[in-house]
Amino acid sequence: MKRLCWLSLAILVLLLGYVAAGPYLTVHAIREAVRNEDSRALSKQVDFPALRESLRLQLADAIVREAGPDLQSNLLGAIGLRLAGSAAGTGVDTMVTPVGLSALMRGQRLWSLAGGASPTQVRADPARGAPLEDAHYRYNSTSRFTATVRDDRGRPIEFVLTRKGLTWKLSDIRLPL
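Keep in mind it's a predicted model, so treat the numbers as computed, not measured.

A few words now on the overall build of the chain. Along its length, the chain carries 6 helices and 4 strands. In the chain, the succession of helices and strands from N to C terminus is α-α-α-α-α-α-β-β-β-β. Evaluated residue by residue, the chain yields a buried proportion of 31% over its 177 residues. Of the contacts made within the chain by residues no fewer than 6 positions apart, 48% connect residues no fewer than 24 positions apart. Total accessible area on the chain stands at roughly 11300 Å², and carbon and sulfur atoms take up 59% of it.

Right under this line is the structure:
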């Protein structure tokens, strides 16, 4: 009986250790997938539907805030904002793919890929390090983890990982809009 108790405790400690190390393992898997240009491996680490929805909402909010209240209250302005939000959503759907996200994390310009260049034709900036290399890591809760990096202007970009069961996936990127 005592042996079963110790075995159960050891399994519980190992399971908790695996869950606690999960976001770091996910970040490492994302780095490896980007470095090896393996979009299939990257897609296993990212919740693309949640990521697309989050980025769509961020862009729509940024467009509305940039337009200001005068344009929002105008009928033609409201129609224009709706069209701009729709176009931004379509752009997010087009760019937030394993290939597009991998290119973004390698420092490539997405419009080069959108213009028809293949990811192998457009090389990453050699001055940039590995993705999430100098990130500040933080647990926000037992099922939310962030890796914060700074862009070239010093603004924070947060990569948010969420836990579902025992697995962690990238589900949001908080952009400095």
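This is not the end of the story, as more comes after the structure.
Read across the sheet, 4 strands follow the order 1-2-3-4 without closing on themselves; strand pairing throughout is antiparallel. In the strand order of this sheet, the two ends are held by strand 1 (136–141) and strand 4 (167–174), each with one partner. For this sheet, the mean angle separating the axes of adjacent strands, direction not counted, is 25°. Strand direction decides the pairing type here: strand 3 (residues 156–164) and strand 4, joined by 7 bridges, are antiparallel. Paired with Leu 161 across the bridge in strand 4 is Leu 170. Each of strand 1, strand 2 (144–150), strand 3 and strand 4 touches helix 1 (residues 2–35); the most contacted strand, strand 1, lies at about 135° to it.

Moving on, we come to the confidence of the model for the chain. Across the chain, the average pLDDT comes to 80, with 83% of residues at 70 or higher. Mean pLDDT values over the elements of the chain span from 45, in helix 6 (residues 110–114), up to 94, in strand 1. A low-confidence stretch, residues 111–122 stays under pLDDT 50, and its non-local contacts, those more than four residues away or across chains, total 16 contacts.

So, on to the side chain of Thr 26. Relative to the helices and strands, Thr 26 resides in helix 1. By relative accessible area, Thr 26 is classed as buried at 5%. Contacts of Thr 26, omitting those with residues within four sequence positions, involve Gln 45, Leu 161 and Trp 168.

Both the distance between ring centres and the angle between the ring planes are used here to describe each pair of aromatic rings. Applying the stated criterion across every chain yields a total of 6 aromatic pairs. Consider the rings of Tyr 24 and Phe 145, whose centres lie 5.1 Å apart with planes at 70°: the pair is edge-to-face. Note that Tyr 24 is positioned in helix 1 and Phe 145 in strand 2, a separation of 121 residues in sequence. Among the residues examined, Phe 145 registers a relative accessible area of 0% and is labelled buried. When the centroid spacing of 5.9 Å and the interplanar angle of 20° are considered together, the rings of Tyr 137 and Phe 145 count as stacked. Classification of Tyr 137 as partly exposed rests on a relative accessible area of 24%. Taken together, the ring pairs connect Tyr 24, Tyr 137, Tyr 139, Phe 145 and Trp 168 into an aromatic cluster.

Analysis parameters
Residues numbered from 1 in each chain as written. Predicted model: local features only at pLDDT ≥ 70, side-chain atom pairs only at ≥ 80, totals over all residues. Heavy atoms only, no water. Helix = DSSP H or I, 4+ residues; strand = E, 2+ residues; numbered from the N terminus. Buried < 20%, exposed > 50% of the residue type's maximum accessible area, 1.4 Å probe, protein only. Contact = heavy atoms within 4.5 Å. Areas by Shrake-Rupley, 256 points an atom, 1.4 Å probe, with all protein chains shown as cover. Pairing = 2+ DSSP bridges. Axes fitted to C-alpha atoms, helices over the stretch in contact; angles between N-to-C directions. pLDDT = per-residue confidence, 0-100. Phe/Tyr/Trp six-rings, centres within 6.5 Å; stacked < 30°, edge-to-face > 60°.

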